[in-house]
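Topology and contacts: notes
What follows is each chain in one-letter form.
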Amino acid sequence: MTRRTAEPYKIKSVETLAMLTYDERKKSLERAGYNTFLIDSADVYIDLLTDSGTTAMSDAQWGALMTGDEAYAGSKSWKRLEQAVRDVYGYQYVLPTHQGRGAENILSQLKIKPGDYVPGNMYFTTTRAHQELNGATFVDIIIDEAHDPLFEHPFKGNVDLQKLGSLIEEVGADRIPYVCVAVTVNLAGGQPVSMQNLKDVYMLCKFHGIDVMFDATRCVENAYFIKEREEGHSHRPVADILKEMLSYSDGCTMSGKKDCLVNMGGFLAMNDEELYIRSRELVVVYEGMPSYGGMSGRDMEAMAVGIREAVDDHYIEHRIGQVRHLGEQLIAAGIPVVQPIGGHAVFLDARSFLSHLPQEAFPAQALAAALYLDSGVRSMERGIVSAGRNQQGEHNKPKLELVRLTIPRRVYTNNHMDVVADSIIELYNKRDSICGLRMDYEPPTLRFFTARFSPLAQEGNLMSDN
């Protein structure tokens, strides 16, 4: 018999959750244009929209807030954050930013010139947007297995070295400013990259004189999967695995709102002094002084503590375990989800879940809306809406049409996950009653944040009467 474990923390403060009626949820969904991003937080019961900035901070982090040095230049809090990044991640140079996309903006402006190609292991929305706005073409070099939601592969985030090699041969190394490697890969289902693959990518790029830059937002989760799944690492602490992982890169962008366990902040890190000097100049233009970069001193203090807390083996084991607690219930009930279960979220396969809807009817968006209507659980579309349009104005049509159930860190108990599972199972049993959506408003970029929709059903209801 496997003995059950509990959360490696105890609750010190609580927040009351909204428990709206079905009719109240329906009105809220209509006001939001069937876009879960536009639903008021006050109307949400269990919020699985994102794990970005939704972490519950520890008592040590809350205590650190009170020690924040708010000096405009040379802040003591900045020095503590800089040292934490050097100690835990191993990079020499660090520049704070207001969040991860601030680091993406600076990196893209400095490294990319029009006509360049940036290969990566599957796109991420803001990352690709910054690359394309600076004139680059994104090229997906993830292994083919990542596009199959049911394919069981321990490292579906791996880079396909043949794809990368072919691109280098086709366009030339001088037109590839860097390879962007996400650890883990969000839109593949939170899937990790193996240590061996990271090493192989780095060696190939060094041979051709190409930099490797990580999107290290969920790097601790990736390190845990290496410990669990890759031969030769099971005996190692996650902190040691993480440091070796990051050594196979020239730098990284980091959204501190995930694996740094804070609600705001990020950084750009690197080992190249020349790139650091150039980056420091742009930080002043877009973010703030190089010693705060859009963050307050108290936020830097909390991040410095969070960086060290995140590599605690007990914490990360529970973190991954809670995501699996939800995912395994859904798999047992026959719900189509991306497998294996990833690090930060469970991803529903909306294409299979709502097989009666064509992709042009936005099945993932419709399913996310239906889940909120059913139970007040907020999730996120990760399919055709998130993929946006190509240069010809046509919808990009990703193979994966997903709904992301993103688990905030240290926020919910497994009982909350059980409630989510019950709602999804009930929805699956009446899935044929869910109709598609039409897009009524579409912004020119990153449309999934603010687009508005309405039901395709003649009666204007997302689901037929229960």
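Our subject in this report is the structure included herewith.

Cut-offs applied
- Sequence order as written defines residue numbering, which begins from 1 separately in each chain.
- In keeping with the predicted nature of the model, local features appear solely for residues at pLDDT of at least 70, side-chain atom pairs appear and are counted solely at 80 or more, and the whole-chain, interface and lining totals rest on all residues.
- Working from all heavy atoms in the structure, the side-chain values ignore hydrogens and water.
- Put simply, DSSP marks the helices as runs of H or I at least four residues long and the strands as runs of E at least two long, and each gets a number from the N terminus on.
- The definition used for a disulfide is geometric: two cysteine sulfur atoms within 2.5 Å.
- Angular values range over 0 to 180 degrees, each being the angle between N-to-C directions of two axes fitted as lines to C-alpha atoms, with helices fitted over their stretch in contact.
- In what follows, roughly perpendicular refers to angles from 65 to 115 degrees, roughly parallel to angles under 35, roughly antiparallel to angles over 145, and oblique to any angle outside these ranges.
- Contacts are residue-level and defined by heavy atoms, with any inter-residue pair within 4.5 Å sufficient.
- Residue classes follow a fixed rule: Ala, Val, Leu, Ile, Met, Phe, Trp, Tyr, Cys and Pro count as nonpolar, while Asp, Glu, Lys and Arg count as charged, and any other residue, Gly among them, counts as polar.
- Salt bridges are identified by distance alone: a Lys or Arg side-chain nitrogen within 4 Å of an Asp or Glu carboxyl oxygen.
- Only protein chains enter the calculation, and the probe is 1.4 Å; a residue is then buried if its accessible area is under 20% of its type maximum, exposed if over 50%, and partly exposed in between.

Time to look at unusual backbone geometry. In most cases, non-glycine residues show a negative phi, while peptide bonds are predominantly trans. In this chain, Val183 is followed by Thr184 through a cis amide linkage whose omega measures 0°. Positionally, Thr184 belongs in the loop between strand S5 (178-182) and helix H7 (195-208). A cis geometry characterises the amide bond from Gln339 onward to Pro340, with omega recorded as -5°. By the secondary structure assignment, Pro340 is in the loop between helix H12 (313-332) and strand S9 (345-349).

This next bit is on the state of the cysteines. Scanning the entire structure with this criterion turns up zero disulfides. The thiol of Cys205 is unpaired, and the distance to the nearest cysteine sulfur, on Cys180, comes to 11 Å.

Turning to the packing of helix H1 (residues 22-31) against helix H14 (residues 363-375), a few remarks are in order. Axis separation between H1 and H14 bottoms out at 7 Å; the angle between their running directions is 150°. One element, H1, and the other, H14, form an angle in the roughly antiparallel class. Across the interface between the two elements, Tyr22, Arg25, Lys26, Ser28 and Leu29 of H1 pack against Ala369, Tyr372, Leu373, Asp374 and Ser375 of H14. Taken together, the residues that form the contact of H1 with H14 break down as five nonpolar, two polar and three charged.

Interhelical geometry of helix H8 (residues 219-229) versus H12 gives an angle of 85° and a closest axis separation of 10 Å. One element, H8, and the other, H12, form an angle in the roughly perpendicular class. From H8, Val220, Glu221, Tyr224, Phe225, Lys227, Glu228 and Arg229 reach across to H12, where they touch Asp313, Ile316, Glu317, Arg319, Ile320 and Arg324.

In the structure shown here, the tally under the stated rule is 28 salt bridges. Asp211 is the partner of Lys111 in a salt bridge, and the nearest nitrogen-oxygen pair spans 2.6 Å. In this pair, Lys111 sits in helix H4 (residues 100-111) while Asp211 sits in strand S6 (residues 211-215), placing the two residues 100 residues apart along the sequence. On the basis of relative accessibility, which here comes to 18%, the residue Asp211 falls in the buried class. Glu228 is paired through a salt bridge with Arg229; the nearest N and O atoms lie 3.8 Å apart.

All quantities given are derived from atomic positions and should not be read as evidence of function.
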